[in-house]
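# Close look at the chain arrangement
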Amino acid sequence: MTTPIPSQTSTAAHVGFGAGLRALVVEDETQLAELVASYLERDGFEVTVTGNGAEAVGLARQVDPDVILLDLGLPGLDGVEVCRQVRTFSDAYVVMVTARTDEVDTLIGLSVGADDYVTKPFSPREVLARIQAMLRRPRPLHEPSQRPDAAAAPREHRVFGDLVVDPLGRDVWLSGEPVALTRTEFELLATLSAQPRMAFSRRQLIDAVWDEAWVGDEHLVDVHIGHLRRKLGDDAITGRYVRTIRGVGYRMGTGR
Ligand code: CA
């Protein structure tokens, strides 16, 4: 069952944070889905709700959401599989909702590509705050009007051997070929490449890319670094672009 919730237009006294942004809520507990949807809506998001996993994949393609709140236990297709499939065509932020804390560790180990995890029962207000924190950092590429300085600012290209990072355009090239990164992967690379001589701890990367309030398994960083390395043709041993600093965390590599 799909329930597209129309966005409010008449009563909005202020422009919410989510104005112009789309959210997909995938949750089979109808009451919880509606509660979360109402919070997002009040914040200005255009919200689409579904309780079915298979339908969620189709909706993600159709709606092209900026953020997906994804329940793990779903009829049709479970959250892990939905996330895997959505990841093949979307760089939306995915917040996975689990019923038990210990599931989070398992999920991080499975490296399904979610950007954040929350455990039930959760406060919709807190989830909204986390979503806002995630979305606050990257500005969508297709909405240059939100970056009035974009046209005027000089283009900065960070070069590391064959790797080029353009933080403003949010583009990455490897040997002249564009590299498609998820937002989280891009944010990690942008953070590391901004201070290439600095070794970042996992916690520092979490503060920079997720949120200072983020609480959870810091291993989440390793998973996203692993994905990033794979896309850059890197691995833990060579670390041409992303180096492991033993006992600390990660540092940008020179490309050699
Ligand atoms: Ca469920």
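Residues numbered from 1 in each chain as written. Predicted model: local features only at pLDDT ≥ 70, side-chain atom pairs only at ≥ 80, totals over all residues. Heavy atoms only, no water.

### Section: the packing of aromatic side chains
For clarity, the cut-off: When two rings of Phe, Tyr or Trp (its six-membered ring) have centres within 6.5 Å they constitute a pair, described as stacked for plane angles under 30 degrees, edge-to-face for angles over 60, and tilted for the intermediate range. As a reminder, the over-ring test applies to NZ of lysine and CZ of arginine, requiring each to be within 6 Å of the ring centre and within 35 degrees of the ring normal.
Within the structure shown, the criterion is met by zero aromatic pairs. The lysine or arginine in question, Arg 42, covers the ring of Tyr 39, its NZ or CZ lying 4.9 Å from the ring centre.

### Overview of the coordination of the calcium ion
In plain terms, the rule: Donors, by definition, are the N, O and S atoms found within 2.8 Å of a metal, the threshold being 3.2 Å for Na, K and Ca, and water is not counted, so a site can look incomplete. Secondary structure follows DSSP: runs of H or I at least 4 residues long count as helices, runs of E at least 2 residues long count as strands, and numbering of each begins at the N terminus. Any residue under 20% of the maximum accessible area for its type is buried, any over 50% is exposed, and the rest in between are partly exposed; the area is computed with a 1.4 Å probe on protein chains only.
Looking at the calcium ion, one finds its protein donor set to be Asp 28 (OD), Asp 71 (OD) and Gly 73 (O), positioned 2.1 to 2.4 Å from the metal centre. The sequence pattern describing where the donors of the calcium ion fall on their chain is D-x42-D-x1-G. Here Asp 28 is found in the loop between strand E2 (22–26) and helix H1 (30–42), whereas its partner Asp 71 is found in strand E4 (residues 67–71), with 43 residues between them in sequence. Judged by its relative accessible area of 35%, Asp 28 falls in the partly exposed class. Of the residues examined, Asp 71 reaches a relative accessible area of 4% and is grouped as buried.

### Examining the confidence of the model for the protein
We count it as follows: The pLDDT value expresses, per residue, how confident the predictor is, ranging between 0 and 100. Here a residue-residue contact requires only that any non-hydrogen atoms of the pair lie within 4.5 Å.
Looking at the protein, the pLDDT average stands at 84 and 86% of residues meet or exceed 70. Residue range residues 7–13 is modelled with pLDDT below 50. Its contacts to residues more than four positions away, or to other chains, number two contacts.

### Concerning helix H2 (residues 53–63)
Here is the rule we go by: Read the arc as the range of directions from the helix axis to the C-beta atoms. Identification of polar contacts relies on pairs of N or O atoms within 3.5 Å, with a donor-acceptor requirement for protein atoms, meaning one able to donate a hydrogen and the other able to accept it, and with residues adjacent in sequence counted only if both atoms are side-chain atoms.
Buried within H2 we find Gly 53, Ala 56, Val 57, Leu 59, Ala 60 and Val 63. Seen from one end, H2 has its buried residues packed into an arc of 170°, which puts them on one side. For H2, the exposed residues set more than 90 degrees away from the buried face come down to Arg 61 and Gln 62. Where H2 starts, the residue carrying a side-chain oxygen 2.9 Å from the main-chain nitrogen of Ala 54 turns out to be Asn 52.

### Observations regarding empty space enclosed by the protein
Counted only if it meets this: Here a cavity means grid points, on a 1 Å grid over the protein atoms only, where a 1.4 Å probe fits yet cannot get out; a pocket means an open set of points with protein on both sides within 12 Å along at least five of seven lines; lining residues are those with an atom within 4 Å of a point. Grid points are joined across faces, edges and corners, and a volume is the space filled by probe spheres set on the points. Ten residue types, Ala, Val, Leu, Ile, Met, Phe, Trp, Tyr, Cys and Pro, are classed as nonpolar, four, Asp, Glu, Lys and Arg, as charged, and the remainder, Gly among them, as polar.
Counted under the stated rule, the structure contains one cavity of 30 Å³ or more. Size it by volume and the largest cavity reaches roughly 40 Å³. For the largest cavity, the full set of lining residues is Val 25, Val 26, Glu 27, Leu 32, Ala 33, Val 36, Leu 69, Asp 71, Val 97 and Phe 122. Within the residue set of the lining of the largest cavity, elements represented by two or more residues are E2, H1 and E4. Per-element accounting of the lining of the largest cavity gives the leading share, three residues, to H1. By residue class, the composition of the lining of the largest cavity is eight nonpolar, no polar and two charged.

### What to know about the packing of H1 against helix H5 (residues 124–136)
Here is the rule: Structural elements are reduced to axes, namely lines fitted to C-alpha atoms, with helices fitted over the stretch in contact, and the angle between N-to-C directions of any two is expressed from 0 to 180 degrees. Here the word oblique covers every angle except those under 35 degrees (roughly parallel), over 145 (roughly antiparallel) and from 65 to 115 (roughly perpendicular). Take the far helix as your reference; a near helix turned counterclockwise from it by less than a right angle gives a left-handed crossing, and one turned clockwise gives a right-handed crossing.
Contact geometry of H1 with H5 gives a least axis separation of 10 Å together with a crossing angle of 50°. By the angle between their axes, H1 is oblique relative to H5. Helix-helix and strand crossings are classified by hand; for H1 and H5 the assignment is right-handed. Facing Leu 35, Tyr 39 and Leu 40 of H1, the residues of H5 in contact are Pro 124, Arg 125, Leu 128 and Ile 131. Taken together, the residues that form the contact of H1 with H5 break down as six nonpolar, no polar and one charged.

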